[in-house]
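Secondary and tertiary structure notes
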Amino acid sequence: MAVGVLALQGSFNEHLAALRRIGVKGVEIRKAEQLENVSSLIIPGGESTTMAKLAELHNLFPALREFVKMGKPVWGTCAGLIFLADKATGQKTGGQELVGGLDCTVHRNFFGSQIQSFEAELPVPELAATEGGPPSFRAVFIRAPAILEVGPGVEVLASVSIQSNKNVDFNPSLQEGSAESDTSKVIVAVKQGNILATAFHPELTIDSRWHSYFMKMSPSNNEITAASSSSYYADQESYLYNKQPKTDLPIYE
């Protein structure tokens, strides 16, 4: 079966392109009944409040919650992470409806406004062990959320360093070094059972390892991704890790 990509708003076309690069068919999802024809689902980045209003308009929330409860793989990126969280803070007045299922608390727009978007090199040992390649991933954060707290059943896949004087409360166990340290880490990628979530946008990079990793969460997709992603990765490795600039500059000036 194909992989569904929620196509209400945001970067769904980029996810579809990333899936094509690893030889996987992706289909746009806009109606509840379309979820019956896909084996897994990606909820893309975008404007989370707008996406929630459109999902409510199309009566998608009951079907999305049922999809998660059925144990089918679901991946949320950026706004998609907010959708999947059991609890969200920093929302607009009136809040927004959530799909839930992921035992965590997220902070909407944790890193600031659009002009504070940035890229960062993240250590990703689990991704590298599963998909190969270097132990880091160049992540794109655009007006991104962050995960402040996770439940006991949630596996942390990636964190990013921040200044600890940021005026947001998060899990103190993530504090680095001594009490005087001015640097902390905040969680930006997690996995819990059939749910994968990233605060950044893998679909905006040429590195398809996160898409391949997600595909392998469904046993029926293992053979497809094992063949396609390994050959694609070998072709792109030199470009990805030797030619791309590594300076940590904002995306938008």
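Residues numbered from 1 in each chain as written. Predicted model: local features only at pLDDT ≥ 70, side-chain atom pairs only at ≥ 80, totals over all residues. Heavy atoms only, no water.

What follows deals with the overall build of the chain. The number of helices and strands found in the chain is seven helices and twelve strands. When burial is assessed residue by residue, the chain has 52% of its 253 residues classed as buried. As presented, the chain carries roughly 11,400 Å² of accessible surface, and 50% of it is formed by carbon and sulfur atoms. (Helix = DSSP H or I, 4+ residues; strand = E, 2+ residues; numbered from the N terminus. Buried < 20%, exposed > 50% of the residue type's maximum accessible area, 1.4 Å probe, protein only. Areas by Shrake-Rupley, 256 points an atom, 1.4 Å probe, with all protein chains shown as cover.)

For the rest of this paragraph, the subject is the pattern of salt bridges. Throughout the structure, instances matching the rule amount to seven salt bridges. Here Glu97 and Arg65 are joined by a salt bridge, their closest N and O atoms 2.8 Å apart. Here the residue Glu97 occupies a position in the loop between β5 (85-89) and β6 (102-107), and Arg65 occupies one in helix α3 (residues 61-69), the gap between them amounting to 32 residues. The exposure class assigned to Glu97 is partly exposed, which follows from its relative accessible area of 31%. By relative accessible area, Arg65 is classed as partly exposed at 25%. Salt-bridge contacts for Asp207 lead to Arg209; the nearest nitrogen and oxygen are separated by 3.1 Å. Overlapping salt bridges bring together Glu119, Glu121 and Arg138 as one network. (Salt bridge = Lys/Arg side-chain N within 4 Å of Asp/Glu carboxyl O.)

What follows concerns the pairing of strand β3 (residues 38-43). Remember that side chains alternate between the two faces of the sheet whenever the strand is regular. Within β3, six of the six residues are buried, which leaves it mostly tucked inside the rest of the structure. Here strand β1 (residues 2-6) pairs with β3 via four bridges, running parallel. By the bridge assignment, Ala2 is partnered in β3 with Val38. With three bridges connecting them, β3 and strand β4 (residues 74-77) associate as parallel partners. Directly across from Ile42, in β4, lies its bridge partner Trp75. (Pairing = 2+ DSSP bridges.)

Residues of the chain with pLDDT of at least 70 account for 77%, and the chain-wide mean is 84. In this model, residues 172-181 is a region of pLDDT below 50 whose contacts with residues beyond four sequence positions or in other chains number 14 contacts. Here residues 225-232 scores under 50 on pLDDT; set against residues more than four positions off or in separate chains, the count is 15 contacts. (pLDDT = per-residue confidence, 0-100. Contact = heavy atoms within 4.5 Å.)

Turning our attention to unusual backbone geometry. One non-glycine residue, Asn59, adopts positive backbone phi at about 55°. Structurally, Asn59 is set in the loop between α2 (48-57) and α3. A relative accessible area of 53% means that Asn59 is categorised as exposed. Despite not being glycine, Cys78 shows a phi value in the positive range, around 55°. Secondary-structure assignment places Cys78 in the loop between β4 and α4 (79-84).

Glancing now at the environment of Lys72. With respect to the helices and strands, the residue Lys72 is situated in the loop between α3 and β4. With 146 residues separating them along the chain, Lys72 and Ser218 place their C-alpha atoms 7.6 Å apart. A distance of 3.5 Å separates the side chain of Lys72 from the backbone oxygen of Val38, its partner in a polar contact. (Polar contact = N/O pair within 3.5 Å; in protein donor to acceptor, adjacent residues only side chain to side chain.)

Per the counting criterion, the structure on display carries one cavity of 30 Å³ or more. For the largest cavity, the calculated volume is near 30 Å³. Put simply, the parts of the chain that give the lining of the largest cavity at least two residues each are β3 and α3. Broken down by element, the residue count for the lining of the largest cavity peaks at three residues, all from α3. Residues belonging to the lining of the largest cavity are distributed by class as follows: eight nonpolar, no polar and no charged. (1 Å grid on protein atoms, 1.4 Å probe; cavity = no way out; pocket = protein on both sides within 12 Å on 5 of 7 lines; lining within 4 Å. Points joined across faces, edges and corners; volume = space filled by probe spheres on them. Nonpolar A, V, L, I, M, F, W, Y, C, P; charged D, E, K, R; others polar.)

All right, on to the environment of Met51 then. Of note, Met51 is situated in helix α2. Met51 gets classed as buried once you look at its relative accessible area, which sits at 0%. With 45 residues separating them in the primary sequence, Met51 and Gln96 have C-alpha atoms 9.5 Å apart.

The next thing to look at is helix α1 (residues 12-21). For α1, the complete set of buried residues consists of Phe12, His15, Leu16, Ala18 and Leu19. Within α1, the buried residues cover an arc of 160° as seen down the axis, which keeps them to one side. Check the buried side of α1 and you find it contacts β1, β2 (26-29), β3, β4 and α6 (209-215). Immediately downstream of α1, the backbone of Gly23 shows phi near 80°, a positive value. (Arc of directions from axis to C-beta.)

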